Structures are given as C-alpha cells and as structure tokens.
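Residue-level structural notes
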Amino acid sequence: DENSNPTETGTDRSAKLYQKALKLMPGGCSRNTVLRKPNPLYAESAAGCFVTDIEGTQRVDFANNMAALIHGHAHPEIVTQVSEQLQKGSAFTLATEAEVDYAEHLCSRNSGFDKIRFVNSGTEAVMSCLKASRAYTGRAKIAKVEGAYHGLYDYAEVSQTASPATWGEVSSPNSVPVAFGTPQAALDDVVVIPFNDAPRAIAILDKHKQELACVLVDLLPHRVGLIPASTEFVVALREWSENNGALLVFDEVITFRNGYGGAQDNYPVTPDLTAMGKMIGGGFPVGALAGKSEVMDVMNPLNDKVLFPHSGTFSANPVTMVAGLSAMRLFDTEAVAKLNAQGDKLRAIITDAITQADVPVCVTGAGSMFRIHMKATPPTNYRDAFASPQEAKLMTALVDHLFDNGFMMINTCSGTLSTVMTDKELTHFAEVLVAGLNKLKP
Ligand code: PLP
C-alpha cells in the first residue's frame, strides 16, 4: 500500500492534510505502515474499541496500533495513572519507583525472567537481546527464521523481504538484503533457517556451530503466515543452542499477549532472553528484554567490565511504566484466558463466514491474533504464506471492504482483539465479512 497513488483523494479534510504532510515528510508520514485508504485518514479520538477519524467516521479497531493495544483506547484506569504521573513530571535523570514496580510485576509473570531492562521500542528490545547474546558468548553471528519480522536492526531485518524474485537457498541471506546500503558485514553475520522444519534448520545451524551467538525466533511470526511454531521446532532449537554454546532468544514483541507470561507459556522450553514491546507499554512507546541473570548481567554497570554498555535517554520512562503496569495488572490470568477464548471464537466465526461464502480463503492465528489468507489451505511456512500478486489484490479489496463498512484491519488482513470488544462487534464483523467475501468472487 506504500505505493498507492498519492494523487488519489480520500475524504476532504484528510486529503488536504495529506497534501501538506507530503511536503514535510517522505511519503507524508513517519511510519510506512500508516493506514492509507487511499490517503492516510487522520485520527481524531478513540475510546474502547472504536476509533473516530477527523471526518467523524467511527470504526471498530482490529489494528490496535499494530497490535500494541490490549485494552483498546483510553482505558479509564490507564488514563488516571498516566494523568497522575504527568502532574509529577514525565522524565527524570533519577530512577523512579514506577520502574521498580513494573520490573517486579513483569518478572513475577514468568519464572524465566530473573531480571529485566526497559527500552523504547521492539526494535531496540530485539537489538539489545542480540547484543547481549554477543557480549555473553563472545560470538558474532545470529540465526533467524526466513521472512520473519523483528524490527529495524540491521541483523534482525535480514531476509524479511524475501520474495520469489530473490529467494534461492533459504540459508543464503546474501540474496535478500533489506535496505539499499545494508552492509555486507551484517549479511555475513546472519544465518537464515526455515520455519517449523527442525531437521533442515538444525543442519543449517550445524554449519555455523562455533560462530553463533544466538537463535532468534518468534513463536507466532506474522509474516511467516501467523502460524504457531511447532513444539518440536522450538524444542529442537533449545536443545541445539544448549549443546552448542549459543543462546535462545524469543521475540515476544507481539505474542506476549497470548499468555500470562507470554506465548512461551504454551511451550516446554525456557529461552535465555525474551524481547517484549507493544502491549506492555499500555499505549506508550516501549520495549523490554528479560531473562537469565547471568546473561542480563552483561549490562551490569557494577561489574568490573561492562560487556554490553546499555542505556537510553527515555528508557523506563515513568509515564510508560505506570501505563504499562496498569495495563498488565488489568491483564490478569482471567483476562488472558478470556481474550484467548474470544480469539478462538472469532477464528471460528471467520471460518463459518468463509464456508458460507464458499471461497478459497482461510484463517490462521492463535490466542488473540488472527490473519485471513486468500488461500484455500493454511500456509505452513513463509514461502507458502507469501501472497501472489492476485492474492494480494484480493486481500486489499477485502481490507478495503471491511474498512468501508466500519472495521479497521492491519493491511495484511490481520488483526488483534482487545479486552474491551464484545460479542456484538464480532457478530457484526461476521456479517460484513460474508458480504466482503461474496464480493471477491469472479
Ligand atoms: N518484533 C516483532 C515480532 C514485531 O512485530 C515488531 C513490530 O511490528 C518489532 C519486533 C519491532 O517493534 P517496534 O515497531 O516497536 O520497533
């Protein structure tokens, strides 16, 4: 959608604002993922699961700021906590009690979180995990899954744009640099493995035994089709890393919402480090990394030698800390179970809609996340999940239909639930979806 024609106009006020924005920011915005239908619409306000744009149109929000909101918008409890903190000041060079309270809370949610540090984005959380792994092991290389998105750090983004035009052997990331100018050195230090194929992944890892600092994996990678990692795959990665002196890092920037202690609650495996972000900020910019004490201690300034000097001007910002703590306290074990059950219900509703419309479409996802594919059968890996030009066209048409009928999705026709959504929104979504699927028929 980044290529949509900027001369097309949407509704008047937004279109006008966009013309001004185009002169000020490349593409008229600060993030390429901003929703354009056909130009960006500008948000006026939001409450609960509804967002209202500056033209006054209200929509149900399944995008949740790219999966970053767990209680929808302007939750009264979070607004109160944030307002109180703002009165006291928003950033200090001193540490705050809010940081300690939130660190205590997050560490209590997962027995693998001995220690935690806060940063400002998921990108920074993943970057810090990779740097901590290098500092701890003294090795340079990292391994990641083909196509998986982990933010903007040079190493983490290798292969995230892999497409049929460029892919060769999965293990040769050199054919798929992300940005013009990505240093060859970054490409040389990344090993790419296929998703959910333990034997092939292990064979590739074995070739870099002595050099790998860590294996980075997302348990429900969005770009890989939003299909859960198999237990067999995750256990194999854990065993391989343990046997070969590498660390296992989970990217739970999105998936942390799927369990009280993250999606990893569903696997018989403890990673050495976990990257978090998005929903743990309660609506404010955030990232965090947590894990084993001895690994986290590479950042410890009280050590004689700090192996990974780690800092950030706005890290553990007290506004984020109180918002996050408040959001996560509300997201207790009961709320997690309820939201995951709503996710199961929504995926069943979508499956019903597909059956009713009788179209070659399927739904994937787990917990409170879902993705609709213009394919008859669910994909099993990144190459399978890749949308053909025809599928991409149909997907955009469906996202547009949903948008025009009151539902905001992420552009890949995926979304997340928030705790403030009710069955009413889900039932209405089913009706609109059936109509949209029927429109896709040739
Ligand atoms: N990791 C995953 C799995 C993500 O989905 C994202 C963002 O979408 C990131 C990392 C990067 O997070 P941020 O956009 O906060 O830098």
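Read on for an overview of the structure. (Residues numbered from 1 in each chain as written. Predicted model: local features only at pLDDT ≥ 70, side-chain atom pairs only at ≥ 80, totals over all residues.)

1. Here's the deal with the sheet that holds strand 3 (residues 58-61)
Under the convention used in this document: Strand pairing is defined by DSSP finding a minimum of two bridges between the two strands. Under the DSSP-based scheme used, a helix requires at least four consecutive residues in state H or I and a strand at least two consecutive residues in state E, with every element numbered from the N terminus.
Ordered by their spatial adjacency, four strands build an open sheet running 1-2-3-13, and the pairing between neighbours is mixed. The two strands at the open ends of the sheet, each matched to only one other strand, are strand 1 (43-47) and strand 13 (407-408). Of the pairings in the sheet, the one linking strand 3 to strand 13 comprises two bridges and is parallel in character. Counterpart to V60 in the pairing with strand 13 is F407.

2. Focus: the sheet that holds strand 12 (residues 369-373)
To keep it simple, the criterion reads: To get an axis, fit a line to the C-alpha atoms, keeping to the stretch in contact for a helix; angles then go from 0 to 180 degrees between the N-to-C directions.
Spatial strand order, 11-12-14: three strands in an open sheet with antiparallel pairing. Across the chains shown, the open sheet's two edge strands, defined by having one partner strand only, are strand 11 (362-366) and strand 14 (414-416). Ignoring strand direction, the axes of neighbouring strands in this sheet form an average angle of 20°. As judged from the three bridges shared by strand 12 and strand 14, these two strands associate in the antiparallel manner. By the bridge assignment for strand 14, F370 is matched with G415.

3. Regarding the site of the ligand
Going by this rule: Placing a C-beta atom from the backbone of each residue, we mark the residue near a molecule or strand if the atom is within 6 Å of it. Basically, the charged four are Asp, Glu, Lys and Arg, the nonpolar ten are Ala, Val, Leu, Ile, Met, Phe, Trp, Tyr, Cys and Pro, and anything else, Gly included, counts as polar.
Inspection of the region around the ligand gives 13 residues, with S121, G122, T123, G151 and V253 positioned closest. Take the shell around the ligand: its biggest share by element is three residues, from helix 5 (residues 122-137). Residues of the shell around the ligand, tallied by class, amount to five nonpolar, six polar and two charged.

4. Considerations on the environment of I70
Spelled out, the test is: The burial label depends on the number of other C-beta atoms within 10 Å of a residue's C-beta. Counts of 20 or more mean buried, 12 or fewer mean exposed, and intermediate counts mean partly exposed, with C-beta atoms placed from the backbone. With C-beta atoms placed from the backbone, a contact is any residue pair whose C-beta atoms sit within 7 Å.
Inspection of the secondary structure puts I70 in the loop between helix 2 (64-67) and helix 3 (76-88). Taking the C-beta count within 10 Å as the criterion, I70 has 28 such neighbours and is therefore assigned buried. Taking C-alpha positions, I70 is 7.6 Å from R257, a pair spaced 187 residues apart along the chain. Sequence-distant contacts of I70, that is, excluding residues within four places in its chain, are made with R257, M279, A327, F331, S418 and T419.

Read these as geometric descriptors, not functional statements.
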